[in-house]
Amino acid sequence: MPLPDAERLVAALIEQMRPETSAETVLIGIHTGGVWLAERLHQALGLKQPLGTIDVSFYRDDFGSRGLSPRVKPSEIPFEVVDADVILVDDVLYTGRTIRAAINELFDYGRPRRVRLAALVDRGGRELPITAQFTGAQVSVGAGEQVELKKAADGRLSLDVTAVAGG
Amino acid sequence: MMAYNPQLNANGELKHLLTIEGLPREILLNILDTAHSFLSVAEREIKKVPLLRGKSVFNLFFESSTRTRTTFEIAAKRLSADVINLNVGTSSQSKGETLLDTVANLSAMHADMFVVRHSQSGAAHLIARHVAPYIHVINAGDGRHAHPTQGLLDMFTIRHYKKDFSTLRVAIVGDVLHSRVARSQIHALTTLGVPEVRVIGPRTLLPANVAELGVHVYHDMAQGLKDADVVIMLRLQNERMNGALLPSAQEFFKNYGLTAEKLALARPDAIVMHPGPMNRGVEIESSVADGRQSVILPQVTFGIAVRMAVMSIVVGNT
Amino acid sequence: MKIHIKGGRVVDPARGADRVADVFIVAGRIAAIGKMPDGFHANRVIDAAGLVVCPGLVDLSARLREPGYEYKATLESEMAAAVAGGVTSLVCPPDTDPPLDEPGLVEMLKHRARSLNQAHVYPLGALTQGLKGERLTEMAELLEAGCVAFAQADEPLADNQVLMRALQYATTFGYPVWLRPRDAGLAKGGVAHEGQVATRLGLAPIPVAAETVALSTILLLARETGARVHLCRLSSAEGVEMVRQAKSFGIRVTCDVSANHVHLSENDIGYFDSNCHLVPPLRGQRDRDALRRGVADGTIDVICSDHTPVDDDAKQLPFGESEAGATGLELLLALTLKWAEEDKVSLAAALARVTSEPARILGIDAGTLALEGDADLCLFDPGARWKVEPMKLKSQGRNTPFSGYELKGRVRFTLVGGHVVFEG
């Protein structure tokens, strides 16, 4: 199944989210693809609070088998999480484990009023009861394949399918 | 003769941290980079991440040290580990359980990690050789041999303030002969590509073959500090006066103490470091220890992040 | 018992013999080499084709750990180790517990050893009472009880006046004194050679001066008193050179080196291997090479095993806390052969260092295949390769720095007084 154009999905997401957000809504992008997407959404939605970013490396559930990733980026949440109206932003929603880790990490900053999820693509294959409130598109790819968001030098976003290395 | 590295697993990943000597550059840089991410954890409301949740870290201190033990404890707890502190006391003359028996008993209590400090060089290596495969050993200081987490946090500090290792002149001043910190620093500096590492001290306090470690030897502090970018002062133990190594602390301060005048010989933006605890008036003058070039307090903060990094990395490598 | 040893390569360094010949043993003595004596009917024929037949090895230092250290090793186990290594005469240092400073202890030890009917044991008597370095022992009594010389083992003799007087007294009666050149002050607290390895590993150093300063004291006092001194366990290049010069000046001194020091250096400590914790310490490669040259040119007269069994608990400690010493009776021959092969020394010259030369220093009729002499022989397969496995050694000490090494040269038969005491 050919992948949809990422730029069109971004536009679609913005339209879905605009009526559902207020000036107080805060966005948190999940590294790395989720941050690129969140930057675009944040700009388009004109939110008052600055953008937050989160790296879930310290909260992953596969630390015991995979070890610590060498490319951990710092999480930055430059606003008050307590009582906030949070939207987590990720590029690809798949098993739901990244979102679970992000929620756990978020709650270590404080108790938000509510948390919703915006995902550019949902490829199904959920292993946890996680749903996105805002989705660009549903796609279907094989089990040995990976959907990746790419950012060109001029900032244009695009989607790519690659085979997963190893098992 | 051993052809393998007892610190690395079959995939060349860090399994134990026993000494900086023999570790490739990439592993050292990985630890520094990971430590950087842990710095921000300390600034949050909840200063914890769940990486070591459910793991038991045993602080096995055969040589007592409240400072070092506390920073390891804080680091482990910030990783959500359970920490058990054991002060086994000095071992040399005491009859009782052998070192290895102690370790075996603790392993039976499902330890996941031993943080070990001992007065004898090689103690951490001995323990690492005898623990079950899933247990990780971190050397918190063994005799005069190594204090790798201190060496790493010192490198982190240098990188934080100086950015690029490849252009630095670093001077280490004081009792290098008895210092595990100095040995670890020297290995780290040379591995990370610092072009000029200097040791400064009287002949009685420098090991006979220290130049073979890749350092320049100075007995004149003024010459040794000239144009230095980093000045690391080592602690002088009181016992050194007893073994006819030095006449007095005063004379040591006169020749090798860091005063403001001597510091002025280094570069104006040179940083001053000390592994602690400091002997004010022996190694270092208070005005320098508390002065604008001193980074001694930040070293402590960095120490927690570096230890968090080391613990997470080894636990993630089976 | 009449034994016919058939077709072996008979090597007798003392007589310069190296030829294939038969050896005939009658009533515990060598009756003939070469031609069968008239009326000889063998009770036993040993096929020695492919084997070297040489005098039983004479080891100038093997700790048997009795009396006093039976938890480390016993006479039974160590004597079995000796004959498994082809050693038929050995010298044991006086540092037992209590030390060998009383004739009664020496007699008991000799009696115990004799009853095992294995190697001959020649104890060294303590030079000073309790090895404390203060008062002289009753050397005449100790000699009568069976001591061959007087020594301090590793205990310091810090007072040079005591040393001088001990040498004078011993010389009065012609007693040899065996001394380890080790200056107590300079060696104090040290556990490893003052070199690159100790610096890197943070091990308390022992400078070469600890050996050379002591050597110069001993050599000068030996010259002064005319004493017959044997220097135990050289370790440094400078030390070898000093002995070379002393001998050239006519000073009556002999010396030995341990087989460990012929092969190993500080680098073998690796990651704090306490099996390499030895006294004297393993020094640099330059020192090792000088020791090897010294053995080749005869400056160093003898290679010994310096056999020191240590229990596991005492070795499985951080390097500096571990007990020094290595087990070695079963390795002496193979290590001597290894040196000979590597440095292109003839078999006879190499075997001299562990047979005729130590026997000469001891002043005993051993280390040679003399007609009508005691039939103390070692038959070994020079080409047989074997792996050093600590658990398979007969010694109770598993502490060898050569663990895992593949060596060449395996003892097949050891005979003492014409009896086969070991068959491998």
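Residues numbered from 1 in each chain as written. Chains lettered and ligands numbered in written order. Predicted model: local features only at pLDDT ≥ 70, side-chain atom pairs only at ≥ 80, totals over all residues. Heavy atoms only, no water.

Caption draft 1: Fine view of the pairing of strand β16 (residues 377-387) of chain C. All names here are of chain C. In the sheet, strand β5 (residues 52-55) pairs with β16 via four bridges, with the strands oriented antiparallel. When the sheet's bridge partners are listed, V53 is paired in β16 with L379. Bridge count for β16 against strand β17 (residues 406-416) is eight bridges, and the pairing is antiparallel. Of the residues in β17, the one forming a bridge with D381 is R410. (Pairing = 2+ DSSP bridges. Helix = DSSP H or I, 4+ residues; strand = E, 2+ residues; numbered from the N terminus.)

Caption draft 2: Structural view of the packing of aromatic side chains. Summed over all chains, the structure comprises ten aromatic pairs over all chains. Taking the centre distance of 4.2 Å and the plane angle of 5° together, the rings of F58(A) and F38(B) count as stacked. Taken together, the positions of F58(A) in the loop between β2 (52-54) and α3 (63-66) and F38(B) in helix α1 (residues 25-39) put the pair across two chains. On the accessibility criterion, F38(B) (1% relative accessible area) is buried. Measuring from centroid to centroid gives 6.0 Å for F58(B) and F114(B), while their planes differ by 80°, and the two rings are edge-to-face. Linking F58(B) in strand β1 (residues 56-61) with F114(B) in strand β3 (residues 113-118), this pair joins segments that are 56 residues apart in sequence. (Phe/Tyr/Trp six-rings, centres within 6.5 Å; stacked < 30°, edge-to-face > 60°. Buried < 20%, exposed > 50% of the residue type's maximum accessible area, 1.4 Å probe, protein only.)

Caption draft 3: Fine view of a negative patch on the surface. Residue and element names in this part refer to chain C. On the surface, E102, E107, E138, E141 and E144 cluster together to form a negatively charged patch. Here E141 is to be found in helix α3 (residues 139-145). The class of E141 is partly exposed, set by a relative accessible area of 43%. (Patch = residues over 30% accessible without salt bridge, like charges linked within 9 Å, V, L, I, M, F, W, Y side chains within 5 Å. Areas by Shrake-Rupley, 256 points an atom, 1.4 Å probe, with all protein chains shown as cover. Salt bridge = Lys/Arg side-chain N within 4 Å of Asp/Glu carboxyl O. Lys, Arg positive; Asp, Glu negative; His and termini not counted. Charge placed at Lys NZ, Arg CZ, Asp CG, Glu CD.)

Caption draft 4: Spatial organisation of the sheet that holds strand β2 (residues 82-87) of chain B. All names here are of chain B. The strand order β2-β1-β3-β4 describes an open sheet built from four strands, whose pairing is parallel. Of all the strands in the sheet, the pair left with one neighbour each is β2 and β4 (136-142). On average, each strand axis in the sheet is tilted by 15° relative to the strand beside it, whichever way the strands run. Direction of pairing for β3 relative to β4: parallel, over a ladder of five bridges. (Axes fitted to C-alpha atoms, helices over the stretch in contact; angles between N-to-C directions.)

Caption draft 5: Representation of the nonpolar core in the model. Counting 95 residues, the largest nonpolar core has V229(C), L231(C), L351(C) and F380(C) as its most contacted members. No other element matches the seven residues that helix α12 (residues 332-342) of chain C contributes to this core. Leaving out residues up to four positions away in the same chain, L231(C) has contacts with L179(C), L215(C), I218(C), L219(C), V243(C), V253(C), T254(C), C255(C) and D256(C). In this structure, F58(A), I77(A), L17(B) and M155(B) belong to the second largest nonpolar core, which totals 94 residues. (Core = buried A, V, L, I, M, F, W, Y, C linked by side-chain atoms within 4.5 Å. Contact = heavy atoms within 4.5 Å.)

Caption draft 6: Structural view of the interface of chain C and chain B. Taken residue by residue, the interface counts 21 residues in chain C and 30 residues in chain B. A combined buried area of about 2,100 Å² lies between chain C and chain B, and 59% of that area is made up of carbon and sulfur atoms. Counting across the interface, chain C meets chain B through one salt bridge. We note a salt bridge from E21(B) to R200(C), for which the minimum N-O separation is 2.4 Å. (Buried area = accessible area lost by both parts, 1.4 Å probe.)

Caption draft 7: Quick look at the domain arrangement of chain B. Residues and elements named next belong to chain B. Domain assignment breaks chain B into domain 1 (25-147 + 301-316) and domain 2 (148-295). Each of domain 1 and domain 2 has a C-alpha centre, and these two points are 26 Å apart. Listed as interface residues are 28 residues of domain 1 and, on the opposing side, 26 residues of domain 2. With both chains or domains summed, domain 1 and domain 2 bury close to 2,200 Å², and 66% of this area falls on carbon and sulfur atoms. Per-residue buried area on domain 1 facing domain 2 is highest for R144, H147 and F302; these three make up 34% of the total on that side. The interface formed by domain 1 and domain 2 contains two salt bridges. A salt bridge links R159 to D33; its shortest N-O distance comes to 2.8 Å. Linking domain 1 with domain 2 are eleven residue pairs in polar contact (both at pLDDT 80 or more). Among the elements that take part in the side of domain 1 that touches domain 2, α1 stands out by supplying nine residues, more than any other. (Domains from an automatic or database assignment. Polar contact = N/O pair within 3.5 Å; in protein donor to acceptor, adjacent residues only side chain to side chain.)

Caption draft 8: Highlighting the pattern of salt bridges. Considering all chains together, one arrives at 53 salt bridges over all chains under this definition. In this structure, D85(A) and R114(A) form a salt bridge, with 2.9 Å as the shortest nitrogen-oxygen distance. Note that D85(A) is positioned in strand β3 (residues 85-93) and R114(A) in strand β4 (residues 114-122), a separation of 29 residues in sequence. Since its relative accessible area comes to 6%, D85(A) is described here as buried. For R9(C), the salt bridge is made with D18(C), and the minimal N-O distance between the two is 2.8 Å.

Caption draft 9: How the structure looks around helix α4 (residues 97-107) of chain A. Residues and elements named next belong to chain A. Every buried residue belonging to α4 is among I99, A101, A102, E105 and L106, and all of these are buried. Buried residues of α4, viewed axially, fall in a sector of 160°; they line one side. In the core, the buried residues of α4 are packed alongside β1 (26-30), β2, β3 and β4. (Arc of directions from axis to C-beta.)

Caption draft 10: Focus on the arrangement of the chains. Where the two pairs of chains in contact are concerned, the greatest contact count is recorded for chains B and C. As for chain C relative to chain A, no contact occurs, and the smallest C-alpha gap between them is 27 Å.

Caption draft 11: Spatial organisation of the sheet that holds strand β5 (residues 169-173) of chain B. Residue and element names in this part refer to chain B. Pairing is parallel across the open sheet formed by five strands, whose spatial order is β7-β6-β5-β8-β9. Among the strands making up the open sheet, the edge pair consists of β7 (216-218) and β9 (271-273). Within the sheet, the average angular offset between the axes of one strand and its neighbour, ignoring direction, is 20°. The sheet contact formed by β5 and strand β8 (residues 230-233) spans four bridges and is parallel. Directly across from I172, in β8, lies its bridge partner I232.

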